Amino acid sequence: MRTREVTIPVADEGLPADLILPERPAGVVLFAHGSGSSRHSPRNVAVAHVLNDRSLATVLVDLLTPAEDAVDARTAELRFDIGMLADRLAAIVDWMATDPDLGPLPVGLFGASTGAAAALVAAAARPDRVRAVVSRGGRPDLAGTALSKVRAPTLLLVGGLDEQVIVLNEQAQAELGDVAELRIVPGATHLFEEPGTLDQVADQAAGWFANRLAVPA
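Residues numbered from 1 in each chain as written. Predicted model: local features only at pLDDT ≥ 70, side-chain atom pairs only at ≥ 80, totals over all residues. Heavy atoms only, no water.

Trainee: Would you take a moment to explain the side chain of Asn169 for this structure?
Mentor: Counting through the fold element by element, Asn169 comes out in helix α5 (residues 163-176). Residue class for Asn169 comes out buried when judged on its relative accessible area of 0%. With sequence-adjacent residues up to four places away left out, Asn169 is seen in contact with Ser135, Gly138, Pro140, Leu156, Val158 and Leu182. (Helix = DSSP H or I, 4+ residues; strand = E, 2+ residues; numbered from the N terminus. Buried < 20%, exposed > 50% of the residue type's maximum accessible area, 1.4 Å probe, protein only. Contact = heavy atoms within 4.5 Å.)

Trainee: Got a minute to help me understand the nonpolar core in this structure?
Mentor: Note on soluble globular proteins: their nonpolar side chains tend to be buried together. Core analysis: the largest hydrophobic core is formed by 51 residues, its most contacted members being Leu30, Ile92, Leu102 and Leu109. A total of nine residues in this core trace back to one element, the largest contributor, which is helix α3 (residues 82-98). Other than its neighbours up to four places away in sequence, Ile92 contacts Ile8, Val10, Leu15, Leu30, Val61 and Leu63. In terms of nonpolar packing, the next biggest core, distinct from the first, is built from 23 residues, Ala132, Val185, Leu198 and Ala202 among them. (Core = buried A, V, L, I, M, F, W, Y, C linked by side-chain atoms within 4.5 Å.)

Trainee: Teacher, can you tell me more about the sheet that holds strand β2 (residues 15-21) here?
Mentor: Strand pairing in a sheet relies on backbone hydrogen bonds. The paired strands run either parallel or antiparallel. Here we have eight strands laid out as an open sheet, ordered β1-β2-β4-β3-β5-β6-β7-β8, and mixed in their pairing. In this open sheet, the two edge strands, each paired with only one partner strand, are β1 (2-8) and β8 (180-185). Going from strand to strand, the sheet's axes swing by 20 degrees on average, the running direction of each strand aside. Relative to strand β4 (residues 56-61), strand β3 (residues 27-32) is paired through five bridges, and the arrangement is parallel. From the neighbouring strand, Leu30 faces β4, where its bridge partner is Val59. Helix-sheet contacts for helix α1 (residues 42-53) involve β2, β3, β4, β5 (107-112) and β6 (130-136), and the interaxial angle to β4 is about 160 degrees. Its contacts with the sheet place α5 against β6, β7 (154-159) and β8, and it is angled at close to 165 degrees to β7. (Pairing = 2+ DSSP bridges. Axes fitted to C-alpha atoms, helices over the stretch in contact; angles between N-to-C directions.)

Trainee: Explain unusual backbone geometry here, please?
Mentor: Backbone phi values are negative for most residues with the exception of glycine, while trans is the configuration of most peptide bonds. Despite not being glycine, Ser55 shows a phi value in the positive range, around 65 degrees. Considering the arrangement of structural elements, one finds Ser55 in the loop between α1 and β4. The backbone of Ser113 shows a phi angle near 55 degrees, a positive value even though the residue is not glycine. Structurally, Ser113 is set in the loop between β5 and α4 (114-125). For Ser113, a relative accessible area of 16% puts it in the buried group.

Trainee: What am I meant to see in the packing of aromatic side chains here?
Mentor: Each aromatic ring pair is described using two quantities: the centre-to-centre distance and the angle formed by the ring planes. Evaluated as defined, the whole model comprises one aromatic pair. Between the aromatic rings of Phe31 and Phe110, the centroid separation amounts to 4.9 Å while the plane-to-plane angle is 40 degrees, which identifies the pairing as tilted. Of the two residues, Phe31 sits in strand β3 while Phe110 sits in strand β5, which places them 79 residues apart along the sequence. Take Phe31: its relative accessible area is 2%, and that puts it in the buried class. In this arrangement the basic side chain of Arg212 is found over the ring face of Trp208, its NZ or CZ atom lying 3.5 Å from the centre. (Phe/Tyr/Trp six-rings, centres within 6.5 Å; stacked < 30°, edge-to-face > 60°. Lys NZ or Arg CZ within 6 Å of the ring centre and 35° of its normal.)

Trainee: I would appreciate a short explanation of the pattern of salt bridges in the present structure.
Mentor: Note that side chains of opposite charge can pair when their charged atoms are close. Under the definition given, this model contains eleven salt bridges. We note a salt bridge from Asp101 to Arg2, for which the minimum N-O separation is 3.0 Å. Separated by 99 residues along the polypeptide, Asp101 in the loop between α3 and β5 and Arg2 in strand β1 bring together distant segments of the chain. Since its relative accessible area comes to 26%, Asp101 is described here as partly exposed. Residues joined by salt bridges that share partners form a network here, namely Arg2, Arg4, Asp99 and Asp101. (Salt bridge = Lys/Arg side-chain N within 4 Å of Asp/Glu carboxyl O.)

Trainee: Looking at this model, I keep getting lost on the packing of α3 against α4. Mind explaining?
Mentor: The description of two helices packed together rests on the angle between their axes and the distance between the axes. One way to put it is that α3 packs onto α4 with a least axis distance of 8 Å and a crossing angle of 55 degrees. On the basis of their axis angle, the class for α3 and α4 is oblique. When you trace α3 past α4, the crossing you get is right-handed. When α3 is examined against α4, the residues Ile82, Leu85, Ala86, Leu89 and Ala90 are found in contact with a partner set consisting of Thr114, Ala117, Ala118, Ala119, Val121 and Ala122. Taken together, the residues of the contact of α3 with α4 break down into ten nonpolar, one polar and no charged. (Parallel < 35°, antiparallel > 145°, perpendicular 65-115°, else oblique. Left-handed = near helix turned anticlockwise from the far one by under 90°. Nonpolar A, V, L, I, M, F, W, Y, C, P; charged D, E, K, R; others polar.)

Worth remembering: the numbers are spatial, not functional.
Laid out in C-alpha cells, this is it:
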C-alpha cells in the first residue's frame, strides 16, 4: 500500500485528502462523508481499509474548508448544501482524472448520510466517469431530480432498525429505477454501531465495487 496526503485544488483554500493505493488497484473509490463529519470519520476509514484489501484505491477528502467547517459547526447549514457538496465531488472526480495514479482507474463513489445525496448528484453529472455508487445509511432522497439521471449501478445499504431512512431509500430507489438495489442490514441503526453491522456494510460495498470497477483490458 502507498499512502499520499494531497491538497486537491477545489474551493478557495483547496481540500485536504488522504489517498491509499494498493499495488495494482482495480479502481478508485471517492468517499463523501455525512453530516458534520470529515475524512477522519472512523466508519468511513474502516470501510476504506476493507476496500484497500480488495485492491481498490480510496480517496477520503474533507468537503468543507477549515473556515467553512467552523461556520457549519455553528449553523449546520453547509452540510445540507447538497448542490455545493455535489459540485465539489464532481470537481474532485475531474481532478482525479488528471492524477497519474488515479487517472486510468474507473471511479466509484461511497456516500454516507447527506454525502450519499451529493454522491448521486455528482454521479448524474459525471456519467462517463462514475461507474458505481454505494450509499451507507444515506439520504438519497435529497438528490432530488438528479436521481432519474443516475446511470451508475447504485447500492443502497440501510440499517434494519432505521425505519424512517428505509422509507426514504425505498422512495429514492423508485426514482433511481433499475440501476438501484436496496439491501437492509438486520439489527443495525442509522450509524451501524451494533457489533458486526459495519463489517457487513464494508463487505457488501467491497463486493459491489469490485464487481463493477473492472479496468478494461
